[in-house]
2 protein chains.
Amino acid sequence: MAASIKDVAKEAGVSIATVSRVLNDVDVVNDDTKKKVVDAIKKLGYRPNIVARSLKTQKTSTIGIIIPDISNQFYPEIVRGAEDVANIYDYNIILCNTDMDVEKEMEYLKVLREKMVDGVLYMSNSLGKNTIELINKLEIPTVLVETIDKDNSFPSVVIDNEQAAYDAVKYLIDKGNNKIAYIGSDEENFNAAALRYVGYKRALREKDINLNPHLVHFGGMKPNDGYEGILSILNEAEVDAVFCAGDEIAMGVINALREKGIDVPNDIEVVGFDNIYASEIFYPKLTTVAQPMYDMGSVGMRMLIKIINKQSIEEKHYVLPYKMIERNSTKK
Amino acid sequence: MAASIKDVAKEAGVSIATVSRVLNDVDVVNDDTKKKVVDAIKKLGYRPNIVARSLKTQKTSTIGIIIPDISNQFYPEIVRGAEDVANIYDYNIILCNTDMDVEKEMEYLKVLREKMVDGVLYMSNSLGKNTIELINKLEIPTVLVETIDKDNSFPSVVIDNEQAAYDAVKYLIDKGNNKIAYIGSDEENFNAAALRYVGYKRALREKDINLNPHLVHFGGMKPNDGYEGILSILNEAEVDAVFCAGDEIAMGVINALREKGIDVPNDIEVVGFDNIYASEIFYPKLTTVAQPMYDMGSVGMRMLIKIINKQSIEEKHYVLPYKMIERNSTKK
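These figures come from a predicted structure and were not determined experimentally.

Moving on, we come to the pairing of strand β11 (residues 317–320) of chain A. All names here are of chain A. Only one face of β11 is buried: it carries Y318 and L320, and the other face, with H317 and V319, is open. Bridge count for strand β5 (residues 156–159) against β11 is four bridges, and the pairing is parallel. When the bridges of β11 are listed, V157 appears paired with Y318.

This part is about the packing of aromatic side chains. All chains considered together, the criterion is met by 17 aromatic pairs over all chains. Their ring planes at 45 degrees and their centres at 6.1 Å tell us that Y182(B) and F243(B) sit as a pair that is tilted. Placement of Y182(B) in strand β6 (residues 180–184) and of F243(B) in strand β8 (residues 241–244) is noted, with a sequence separation of 61 residues between them. The burial state of Y182(B) is the same as that of F243(B); both residues are buried. Members of the aromatic cluster, connected to one another through ring pairs, are Y182(A), Y197(A), Y200(A), F218(A), F243(A) and F273(A). A cation over an aromatic ring shows up here: R202(A) above the ring of Y166(A), its NZ or CZ 4.0 Å from the ring centre.

As a rule of thumb, soluble globular proteins bury nonpolar side chains together. Formed by 151 residues in total, the largest nonpolar core has its most connected members in F243(A) and F243(B). Core analysis: the second largest hydrophobic core is formed by 36 residues, L134(A), I135(A), I132(B) and L144(B) among them.

Residues and elements named next belong to chain B. Both faces of β8 are covered, namely the face carrying A241 and F243 and the face carrying V242 and C244. As defined by bridge partners, β8 adjoins strand β9 (residues 269–274) across three bridges and the pair is classed as parallel. Bridged to F243 within β9 is V271. In this fold, the crossover linking β8 to β9 by way of helix α11 (residues 247–259) has right-handed handedness.

All names here are of chain A. Axis separation between helix α10 (residues 223–236) and helix α11 (residues 247–259) bottoms out at 6 Å; the angle between their running directions is 50 degrees. Taken together, the axes of α10 and α11 are oblique relative to one another. As α10 runs across α11, the sense of the crossing is right-handed. Judged by residue contacts, P223, G226, Y227, I230, L231 and L234 of α10 engage E248, I249, G252, V253, N255, A256, L257 and E259 from α11. Here the contact of α10 with α11 is built from residues that sort into nine nonpolar, three polar and two charged.

A separate point is helix α12 (residues 293–308) of chain A. Residue and element names in this part refer to chain A. Taking 1.5 Å per residue, 16 residues should reach 22 Å; α12 reaches 23 Å between its end C-alpha atoms and fits that length. The complete set of buried residues in α12 reads M293, M296, G297, S298, G300, M301, M303, L304, I305, K306 and I308. Of the residues one or two after α12, K310 is the one with positive phi, at around 55 degrees.

This next bit is on the domain arrangement of chain A. All names here are of chain A. Assigned domains within chain A: domain 1 (5–48), domain 2 (62–159 + 293–321) and domain 3 (161–290). At the interface, nine residues of domain 2 touch 13 residues of domain 3. When the buried surface of domain 2 facing domain 3 is broken down by residue, Q73, I148 and I159 rank first, second and third, together holding 47% of it. At the junction of domain 2 with domain 3, the criterion picks out one salt bridge. Where domain 2 meets domain 3, there are two residue pairs in polar contact (both at pLDDT 80 or more). Residues belonging to the side of domain 2 that touches domain 3 are distributed by class as follows: four nonpolar, three polar and two charged.

We now examine the relation of the copies chain A and chain B. For the match of chain A to chain B, the screw axis carries a shift of 0.1 Å, the RMSD comes to 0.2 Å, and the turn is 180 degrees. Taken together, the turn and the small shift mark the pair as related by a two-fold rotation axis. Scanning chain A for the C-alpha nearest the rotation axis identifies I94(A), at a separation of 2.2 Å. Same-surface contact between copies: 100% of interface residues of chain A are shared with the interface of chain B.

The rules behind the values
Residues numbered from 1 in each chain as written. Chains lettered and ligands numbered in written order. Predicted model: local features only at pLDDT ≥ 70, side-chain atom pairs only at ≥ 80, totals over all residues. Heavy atoms only, no water. Buried < 20%, exposed > 50% of the residue type's maximum accessible area, 1.4 Å probe, protein only. Helix = DSSP H or I, 4+ residues; strand = E, 2+ residues; numbered from the N terminus. Pairing = 2+ DSSP bridges. Phe/Tyr/Trp six-rings, centres within 6.5 Å; stacked < 30°, edge-to-face > 60°. Lys NZ or Arg CZ within 6 Å of the ring centre and 35° of its normal. Core = buried A, V, L, I, M, F, W, Y, C linked by side-chain atoms within 4.5 Å. Right-handed = clockwise from strand over helix to strand, strands pointing away. Axes fitted to C-alpha atoms, helices over the stretch in contact; angles between N-to-C directions. Parallel < 35°, antiparallel > 145°, perpendicular 65-115°, else oblique. Left-handed = near helix turned anticlockwise from the far one by under 90°. Contact = heavy atoms within 4.5 Å. Nonpolar A, V, L, I, M, F, W, Y, C, P; charged D, E, K, R; others polar. Expected span 1.5 Å × (residues − 1). Domains from an automatic or database assignment. Buried area = accessible area lost by both parts, 1.4 Å probe. Salt bridge = Lys/Arg side-chain N within 4 Å of Asp/Glu carboxyl O. Polar contact = N/O pair within 3.5 Å; in protein donor to acceptor, adjacent residues only side chain to side chain. Least-squares fit on C-alpha atoms with pLDDT ≥ 70 in both.

Quick look at the structure:
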């Protein structure tokens, strides 16, 4: 039989109300009494009923994580980083997969509010007006990770996607390429991945290379999008390098080129984006722009926990460093 | 201002106690009254405070998922399957990463109990006596996924790992190979992956092939374990095929062979295990034994929810079908 709050009070020789005050960190208890209670709790192995306490304190030590899809290669490391930090501060995480479905995102927000989570770490490809209004109405502390909010009203953790893409394309140009294809998200989509197209265009412009629409393929972020994308581009134009807005796209591109007998990197150089786990195991190993996924999750969670506990945060918008990693899908 | 239970009572023309009875599904309310209350709830958009209700009903509609590591390629799909089913039945999941650390597993179990989760989906490489005792003591409904429990005391979802490995090795033998290496988990580890070694040995024995210890390499399940493993085996013995206890091992093996100028599949055939997402993108595409990861998560979660709601389950131990998938790391 587990020890009750009554047992603790008896053992410490104080009232139940005093034990409750200690548990809830109310400051009116003097240190001697507090010590007696803490000792009694330890001795009896007492564990307070967190749910009952939550009602009083309005805290559940639980944080919601809203992501598009945990089985997408990009998110597990972010979630892992977030959970590790949550664990250090004695928070647990409720994981919600939304498939970027706005209705599902909003439904999850409501459920998380009902379950009285202390805050939400939010990742989405499309943070719209209605969702922002809902978050504000529900009054849940929220930190965005790799998610764009036009008004910058929420604290956030991102990398500079535009600059990172610019760097990657400039890298390809500096190696002597000028027929550089882009495969990835459309800039009409107002999301982090779409900013990579903006960076692609800036790099071309600065080097006086005309944007050739036949070299651009908009679509999804999966291997098959890369596979189909490069085949359709090769029907229309000559290509000497491909900048892909994601590593999975790059893998699909390389597989398509291999089947056509085109050598990567000697005939066509390919650069990916993200540095997902598989990019170093793939053949050839991908040259890519590494996003600090684990850090994005852990920094976002740390920031959220500070906000929940009304501590000051150093910056409202963290822009984490990315890193260009040269491997074997580009020439040495 | 959100509607309160008082507003609902007023709107429906009943007492607060009656609204509460409807919310808690107590059966003494007649259907007419119930309808009035339900209509009032809908009209006002009332959402009950779930935490307060949880205390009364002793249910939180929250389920803990304990896994080794969400950033390991094997688990995200299991978690996704589990979460999709949880979502259908209005449960949320609390995700816990344990890194197969028994202390961390036990700590999480205690925290989940305190947070009054309704049940736990449990994945571990080493379910020991202490953990089993703790689960029993905490009285949390628990379903095991891809986890071995010597006494079969918990409901579980697995595949027949021994038979699946046997099939894979027999497949290699039937193709004319008889110097077949094994790289993977040691049978001393009492876990699902280790059963694959047992299946490997049985296939050799049935075909009268002597077990050559120089062809066996025990280690971890990562690409580097395959990479180092095959190099060390090749120093000692001739090899015509490799059976790997995991796809990541197989990828490491193939990368090592490629660097040595050994062609897969023409010189050496390689078979993996699991069919993780990357195995179809890898070059060459892996021949492997597909585990139904998504189904393992969803079937396990469905079973757990039935148990939580005291519904009968058809089977206590689900053994899901696996499938041998022939791709390009073995000869046609």
